[in-house]
Amino acid sequence: MRTTFRTERNVFTNKDVFKEGYDPDEILERDEEISEYIGYLEDALFGETPKNIIVYGNTGVGKTVVTDHVTQMLSSEAERRDEGVDIHVVKVNCGHHTSSYQAAVALVNAMRRDTDREEIGKGYGFADAMDMLYAEVEQREGTVYVILDEIDFLGDDDQILYELPRASANGYVERSHVGVIGISNDYTYRDNLSSKVKDTLQEDEIKFPPYDAAELRTILEDRAEKGMKEDVLDGAVIPKCAAISARDSGSARQAIDLLREAGNVADADGRDAVGETDVDEAVTRVERGRLKDGIRDLTAHGKHILLSLARAYGRQETPLRLKELLPIYERVARGAGSDPLGEHRVRDHLADLTMLGFVEQRRTNKGRAGGQFYQYDLSVDAEAVFEVVSE
Ligand SMILES: Nc1ncnc2c1ncn2[C@@H]1O[C@H](COP(=O)(O)OP(=O)(O)OP(=O)(O)O)[C@@H](O)[C@H]1O
């Protein structure tokens, strides 16, 4: 039981070093990708038409951190040379702005915020938004690199990728150039683009492979040095976090999360030594965190259905059939103030939840005459479901 605030932590010197938004001074183990990137970006420094680039790689492999780093380098270099070439960078996340129209509006607003102007409201069409975007670009009188993070969320609505690269050729901007950098988790993204977009974009590709254990160790050692006290880590901790993450995902995010959580476990225990067993506990915590994020991302009815299953599971009534689940779901949905969906839609949701790994679907044969039917069970921790729903 704590009655006072601590004056010093047991393990950490700076927890911010382990946060998602932390900007590392140094990007480690990505020299090849940085070099390739610099090669593509360089044209812009000479006032030429900028190259369009798409960066591919799984989650947590450094696409964002490297893109931020090299584009920052590019605009500082242009400023340092002071040869009349200004380079501006504007970034939006298509995961939050999933249509070409929304992305265009978000870009206009980002550029307006950048110059302390009011954001535009609603009620414009795509063409209006693009006109406003071109006006912003033209005002910069230089090269504007547009970064579209999570570009695959645009899906078929990729008109903006057709428009932006043609801005100069079409005379929409005369004093400026526009370049596009797309960031994607989906290696097949390009295959789904329409041929007219492919023809205009003519992009170069940079692929970010997953990190191996040795690379993750380097990244973790650097973070530990910046954010943890000296000598608190047992020698096996970093190699273990690195090995688990390399085997699982090759993600630096996962590795950093594991090290932070292992530190948290020891710290909360009042220890100033982090050991291997703390990593085991960290794995459980990080997985639970990821599971809860996944539940949070579900639609409202997805959550209602999962909660119904979790309740049934808690009463040891699972596995159960759809017709047994429906009344529970209907009560849950009404309790949350929404109209329950019909049987077919619930079945579709259950199929989605099964695909996402939240639910297990079993086919059961009931003797000769009984025919076949499906039964459903919860395949994630019920507590995590209750916790998210009660947030
Ligand atoms: N080479 C590296 N050196 C130092 N830190 C890194 C490196 N690569 C990744 N990181 C860190 O790992 C985390 C995830 O990296 P980043 O956000 O760049 O991944 P991403 O590939 O863009 O992932 P996502 O597709 O999920 O957005 C960040 O905290 C980042 O600072």
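Just so it is clear, the model here is predicted, and its values are computed rather than measured.

Thresholds applied
- Residues numbered from 1 in each chain as written.
- Predicted model: local features only at pLDDT ≥ 70, side-chain atom pairs only at ≥ 80, totals over all residues.
- Heavy atoms only, no water.
- Domains from an automatic or database assignment.
- Contact = heavy atoms within 4.5 Å.
- Buried area = accessible area lost by both parts, 1.4 Å probe.
- Salt bridge = Lys/Arg side-chain N within 4 Å of Asp/Glu carboxyl O.
- Polar contact = N/O pair within 3.5 Å; in protein donor to acceptor, adjacent residues only side chain to side chain.
- Nonpolar A, V, L, I, M, F, W, Y, C, P; charged D, E, K, R; others polar.
- Axes fitted to C-alpha atoms, helices over the stretch in contact; angles between N-to-C directions.
- Helix = DSSP H or I, 4+ residues; strand = E, 2+ residues; numbered from the N terminus.
- Left-handed = near helix turned anticlockwise from the far one by under 90°.
- Near = heavy atom within 4 Å.
- Areas by Shrake-Rupley, 256 points an atom, 1.4 Å probe, with all protein chains shown as cover.
- Pairing = 2+ DSSP bridges.

**Here we look at the domain arrangement of the protein chain**
Taken domain by domain, the protein chain holds domain 1 (31-208), domain 2 (211-295) and domain 3 (299-389). Here domain 2 and domain 3 have C-alpha centroids that lie 34 Å from each other. Contacts between the two partners involve 5 residues from domain 2, matched on the other side by 10 residues from domain 3. When domain 2 packs against domain 3, the two sides together hide about 710 Å² of surface, and 69% of this comes from carbon and sulfur. There are 3 salt bridges connecting domain 2 and domain 3. Among the salt bridges present, the one from Lys 292 reaches Glu 387, with a minimum N-O distance of 2.6 Å. In this assembly, domain 2 and domain 3 are joined by 3 residue pairs in polar contact (both at pLDDT 80 or more). By residue class, the composition of the side of domain 2 that touches domain 3 is 2 nonpolar, 1 polar and 2 charged.

**Quick look at the packing of helix 8 (residues 237-248) against helix 10 (residues 276-296)**
Contact geometry of helix 8 with helix 10 gives a least axis separation of 9 Å together with a crossing angle of 35°. Crossing geometry of helix 8 relative to helix 10 is assigned as right-handed. Contacts between helix 8 and helix 10 involve Val 237, Lys 240, Cys 241, Ile 244 and Asp 248 on the former and, on the latter, Glu 276, Val 279, Asp 280, Val 283 and Arg 290. Each residue belonging to the contact of helix 8 with helix 10 can be placed in one class, and the counts come to 5 nonpolar, no polar and 5 charged.

**Here's the deal with the site of the ligand**
Around the ligand, 21 residues are found, and the nearest of them are Leu 28, Thr 59, Lys 63, Thr 64 and Tyr 211. A distance of 2.6 Å separates a nitrogen atom of the ligand from a polar backbone atom of Leu 28. At 3.1 Å, a backbone N or O of Gly 62 approaches an oxygen atom of the ligand. Taken by itself the ligand offers 620 Å² of open surface, and the protein chains cover 92% of this. Of all the secondary structure elements, the ones that give two or more residues to the shell around the ligand are helix 2 (63-81), helix 7 (213-227) and helix 9 (252-268). Residues that form the shell around the ligand fall into these classes: 10 nonpolar, 6 polar and 5 charged. Looking at which domains feed residues into the shell around the ligand, each of domain 1 (31-208) and domain 2 (211-295) supplies at least three.

**Some remarks on the sheet that holds strand 5 (residues 204-208)**
With respect to topology, 5 strands assemble into an open sheet ordered 2-3-4-1-5, the strand pairing being parallel. Of all strands in the sheet, those with a lone pairing partner are strand 2 (87-93) and strand 5, marking the two edges. Across the sheet, the mean angle from the axis of one strand to that of its neighbour is 15°, orientation sign disregarded. The pairing of strand 1 (residues 53-57) with strand 4 (residues 177-184) spans 4 bridges and is parallel. The residue bridging Ile 54 from the neighbouring strand is Gly 182, located in strand 4.

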